[in-house]
Amino acid sequence: VHLVGNHSDVVPWLQALDVFVLPSYANEGVPQALMQAMACGLPCVTTNIGAIPELARHDLTAWVVPAQDVNAIRLAIVDLLADESLRSRLGSAAREHVVATHGRALMLDRMEAFMPPADPTIIQRRMDRTMAAHAGFAARRARRVHRNCTARTAIATATTTGPNHAPIPSARPAALALAAYFS
């Protein structure tokens, strides 16, 4: 067992597995880890706790065992490792099921179905406030620039990045604020 820490891209790690095991025994929503493993086409061993049955159907999309039954989990892992065709069948069915029921496009459609249509004027006001906040940040950052830094360098530094050095969507409002500050 290797504890590799937190990774933002789990796909290569999941693809390195032969079998994915999620032995939940208490309250579970729809586990993201199980959904990701199934989306990668991994055969999965899990329990029927909480909302797991929405994803995992025994011998159809996963191998489902009773909660807290260590021997059943062990036997399921051994059976899957010994039977390549079973692993392949469960992995393929798992991927098809997750994509069909929890795919990105479907989830966005479901969210849009119960959200009211967006008011364009509200969206524009929020964008204007965001840009104004970025401009204010740029001006504050420029004031902190060392005294022998030229105004041009300060403007270039302040207009290309926002808080935590993240790029800002548009440098124009920040540049206008800095032009006012340096004039």
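A quick note: this is a predicted structure, and the numbers were derived from the prediction, not measured. (Residues numbered from 1 in each chain as written. Predicted model: local features only at pLDDT ≥ 70, side-chain atom pairs only at ≥ 80, totals over all residues. Heavy atoms only, no water.)

**What about a nonpolar patch on the surface?**
Point 1. A cluster of nonpolar side chains, Leu 108, Met 111, Phe 114 and Met 115, forms an exposed patch at the surface whose accessible area comes to about 440 Å².
Point 2. Structurally, Met 115 is set in the loop between α5 (104–113) and α6 (120–144).
Point 3. Taking the relative accessible area as the measure of exposure, Met 115 reaches 48% and is therefore partly exposed. (Patch = residues over 30% accessible without salt bridge, like charges linked within 9 Å, V, L, I, M, F, W, Y side chains within 5 Å. Areas by Shrake-Rupley, 256 points an atom, 1.4 Å probe, with all protein chains shown as cover. Salt bridge = Lys/Arg side-chain N within 4 Å of Asp/Glu carboxyl O. Helix = DSSP H or I, 4+ residues; strand = E, 2+ residues; numbered from the N terminus. Buried < 20%, exposed > 50% of the residue type's maximum accessible area, 1.4 Å probe, protein only.)

**Regarding the nonpolar core**
Point 1. One finds Phe 20, Leu 34, Ala 37, Met 38, Cys 44, Leu 55 and Ala 56 to be the most contacted residues of the largest nonpolar core, which totals 16 residues.
Point 2. Counting residues per element, the ones that place at least two in this core are β1 (20–22), α2 (32–39) and α4 (84–102).
Point 3. Broken down by element, this core gets its largest block of residues, four residues, from α2.
Point 4. Look past the residues within four positions of Cys 44 in its chain and what remains in contact with it is Phe 20, Leu 34, Ala 37, Met 38, Ala 62, Trp 63 and Leu 80. (Core = buried A, V, L, I, M, F, W, Y, C linked by side-chain atoms within 4.5 Å. Contact = heavy atoms within 4.5 Å.)

**Considering the side chain of His 102**
Point 1. Mapping His 102 onto the fold places it in helix α4.
Point 2. A polar atom in the side chain of His 102 sits 2.7 Å from the side chain of Thr 101.
Point 3. When near neighbours in sequence (up to four residues on either side) are disregarded, His 102 contacts Val 30, Met 35, Glu 54, Leu 55, His 97 and Met 107. (Polar contact = N/O pair within 3.5 Å; in protein donor to acceptor, adjacent residues only side chain to side chain.)

**Here we look at the environment of Thr 46**
Point 1. The residue Thr 46 is located in strand β2 (residues 44–47) in this model.
Point 2. According to the relative accessible area criterion, Thr 46 is buried, its value standing at 1%.
Point 3. Between the C-alpha atoms of Thr 46 and Val 21, which are 25 residues apart in sequence, the distance is 5.9 Å.
Point 4. If near-sequence neighbours (up to four positions away) are discounted, Thr 46 is found in contact with Leu 22, Leu 34, Ile 52, Ala 56, Trp 63, Val 64 and Val 65.

**Side note on the confidence of the model for the protein chain**
Point 1. Considering every residue of the protein chain, the mean pLDDT works out to 78; 73% of them sit at 70 or more.
Point 2. A low-confidence stretch, residues 145–162 (pLDDT under 50), is modelled with 28 contacts involving residues beyond four sequence positions or located in other chains. (pLDDT = per-residue confidence, 0-100.)

**What to know about the packing of α4 against α5**
Point 1. Between α4 and α5, the least distance of the axes is 6 Å, while the angle of their chain directions is 25 degrees. Here α4 is positioned roughly parallel relative to α5, judged by the angle of their axes. Counted together, Ala 100, Thr 101 and His 102 of α4 and Arg 104, Leu 106, Met 107 and Arg 110 of α5 form the full contact between these two elements.
Point 2. Residues belonging to the contact of α4 with α5 are distributed by class as follows: three nonpolar, two polar and two charged. (Axes fitted to C-alpha atoms, helices over the stretch in contact; angles between N-to-C directions. Parallel < 35°, antiparallel > 145°, perpendicular 65-115°, else oblique. Nonpolar A, V, L, I, M, F, W, Y, C, P; charged D, E, K, R; others polar.)

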